[in-house]
Amino acid sequence: MVMSQKRKRKVPSSPPVRTVRNRGKNDGCCSISFLKNLLYVFNFILLLSGFALLGVGIWTLIAKYSFVNLLTTSCYQAITYLLIITGAIIILVVVIFGCCGVWKENTVCLNFFAAFLMLIFLLEAGTGTLATLYESAVKEEISRNLNYTMMTAYKRDVVKTQAIDSLHKMFRCCGAGSFEDWPYSVWLANKTSNIHNVAPDSCCITTSPGCAIRAHPSNIYYVGCVESLQDFIREHLIILGAVGIGLCSLQIFGIIFACCLVRKLKKWHEYQRTSFWR
């Protein structure tokens, strides 16, 4: 018996729904999310470096600045102020352009962020280079000019007098070459003044008013201050140069990360626009 079989009509299946995937945003090892997290970490490290530069600059300005008055050039002051300015710029750039640009995924802020990182790179590299170059020249400058500054400025310039007294006490020295330099100073050469000292009272081992009347090794320091000040300034310049040159390489990574994120965001925005009109 032949039974008629009804042929079943095939109902055409609906086309698969295309799900819009966040291609270029969350996929891959260099996705937008990955780059954002990377820049968050970088901004945190950059913020710490900004506070470090600001701290080193302020420490130099407050704790070490008195001896700078004995130098004849302004290179040391310029290096100090450059560190402070660079540290302040880093903190402002990270807060305003770095974090906000990454959080809002704003390409304009990120472009400004990369540009400021380039400026910071140049400032840090310039500061480090200037410190390194000046470190090699400061020895000759101190040898040539410290004695002249002491002989002409002591008791005539208040700021330099305080710096000379601090130098004597800190390094336990006296004069530029030795205590025997002081009789040729303008201060002691003034015969009208009622002074019987052979050197400033700050040269004394135990400081007290009028203590430097007697020139004896048990009473005053015999060694000069040139070498001590040279070593002090050079060591500090090495620190400043190492901080500047060492941290400037950090900005290169930030520029690369920021540019990669901008490129990814532009591609993602273009992908969203084209997908919307399909």
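Everything below is about the structure printed above this text.
Residues numbered from 1 in each chain as written. Predicted model: local features only at pLDDT ≥ 70, side-chain atom pairs only at ≥ 80, totals over all residues. Heavy atoms only, no water.

Visitor: Looking at this structure, I do not really get helix 4 (residues 158-171). What am I missing?
Guide: Under the 1.5 Å per step criterion, the end-to-end length of helix 4 is 20 Å for 14 residues, consistent within 8% with the ideal 20 Å. Turning to helix 4, its buried residues number three or more, namely T161, A163, I164, D165, L167 and H168. The N-terminus of helix 4 is capped by D157, whose side-chain oxygen sits 3.1 Å from the backbone nitrogen of V159. The first or second residue beyond helix 4 is R172, which carries a positive phi of 55°. (Helix = DSSP H or I, 4+ residues; strand = E, 2+ residues; numbered from the N terminus. Expected span 1.5 Å × (residues − 1). Buried < 20%, exposed > 50% of the residue type's maximum accessible area, 1.4 Å probe, protein only. Polar contact = N/O pair within 3.5 Å; in protein donor to acceptor, adjacent residues only side chain to side chain.)

Visitor: What am I meant to see in the state of the cysteines here?
Guide: Any covalent bond linking the sulfur atoms of two cysteines counts as a disulfide. Counted according to the given criterion, the structure contains 3 disulfides. Here C173 engages in a disulfide with C225; their sulfurs sit 1.9 Å apart. The disulfide joining C173 to C225 has a torsion of about 100° about its S-S bond and is therefore right-handed. Here C173 is found in the loop between helix 4 and helix 5 (186-189), whereas its partner C225 is found in the loop between helix 5 and helix 6 (226-276), with 52 residues between them in sequence. One disulfide bridge connects C204 with C211, the sulfur atoms lying 2.1 Å from each other. Measuring handedness by torsion sign, the sulfur bridge of C204 and C211 sits at about 110° and is right-handed. Judged on exposure class, the residue C204 and its partner C211 are both buried. (Disulfide = S-S within 2.5 Å.)

Visitor: Hey, could you run me through the packing of helix 1 (residues 32-63) against helix 3 (residues 107-153) in this one?
Guide: Each pair of packed helices can be described by the angle between their axes along with the distance between the axes. Where helix 1 contacts helix 3, the two axes come as close as 14 Å, and the packing angle between them is 35°. Here helix 1 and helix 3 pass one another in a crossing that is left-handed. Across from L39, F42, N43, L46 and L53 in helix 1, the residues of helix 3 making contact are L110, F113, L117 and E124. Here the residues of the contact of helix 1 with helix 3 sort into 7 nonpolar, 1 polar and 1 charged. (Axes fitted to C-alpha atoms, helices over the stretch in contact; angles between N-to-C directions. Left-handed = near helix turned anticlockwise from the far one by under 90°. Contact = heavy atoms within 4.5 Å. Nonpolar A, V, L, I, M, F, W, Y, C, P; charged D, E, K, R; others polar.)

Visitor: Where do I start with the environment of I32 in this structure?
Guide: Within the element layout of this structure, I32 appears in helix 1. Residue classification places I32 among the buried residues on the basis of a relative accessible area of 0%. The sequence separation of I32 and V102 amounts to 70 residues, and the corresponding C-alpha distance is 9.8 Å.

Visitor: For this particular structure, what's the right way to read the pattern of salt bridges?
Guide: For side chains bearing opposite charge, pairing can occur when the charged atoms are close. Taken as a whole and judged by the stated rule, the model has 3 salt bridges. We note a salt bridge from E105 to K36, for which the minimum N-O separation is 3.1 Å. On the criterion of sequence distance, the pair formed by E105 in the loop between helix 2 (75-104) and helix 3 and K36 in helix 1 is long-range, its members being 69 residues apart. For E135, the salt bridge identified is with R234, shortest N-O distance 2.8 Å. Remark: R234 occurs in helix 6 and E135 occurs in helix 3; sequence separation between them is 99 residues. Judged by relative accessible area, which is 15%, E135 ranks as buried. R234 gets classed as partly exposed once you look at its relative accessible area, which sits at 30%. (Salt bridge = Lys/Arg side-chain N within 4 Å of Asp/Glu carboxyl O.)

Visitor: Which parts of the structure should I look at to understand helix 3?
Guide: Here helix 3 spans only 57 Å end to end across 47 residues, well under the 69 Å set by a 1.5 Å rise per residue. The largest bend along helix 3 reaches roughly 40° and is located at A137. Immediately beyond the C-terminal end of helix 3, within one or two residues, lies K155, with a positive phi of roughly 65°. (Bend = angle between axes of the 7 residues up to and from the residue.)

Visitor: Which parts of the structure should I look at to understand the packing of helix 1 against helix 2?
Guide: Orientation of helix 1 relative to helix 2, taken along the N-to-C sense of each, is 155°, at an axis distance of 8 Å. Between helix 1 and helix 2, the angle is such that the two are roughly antiparallel. When the axes of helix 1 and helix 2 are compared, the crossing they make is left-handed. Taken together, the residues of the contact of helix 1 with helix 2 break down into 21 nonpolar, 9 polar and 1 charged. (Parallel < 35°, antiparallel > 145°, perpendicular 65-115°, else oblique.)

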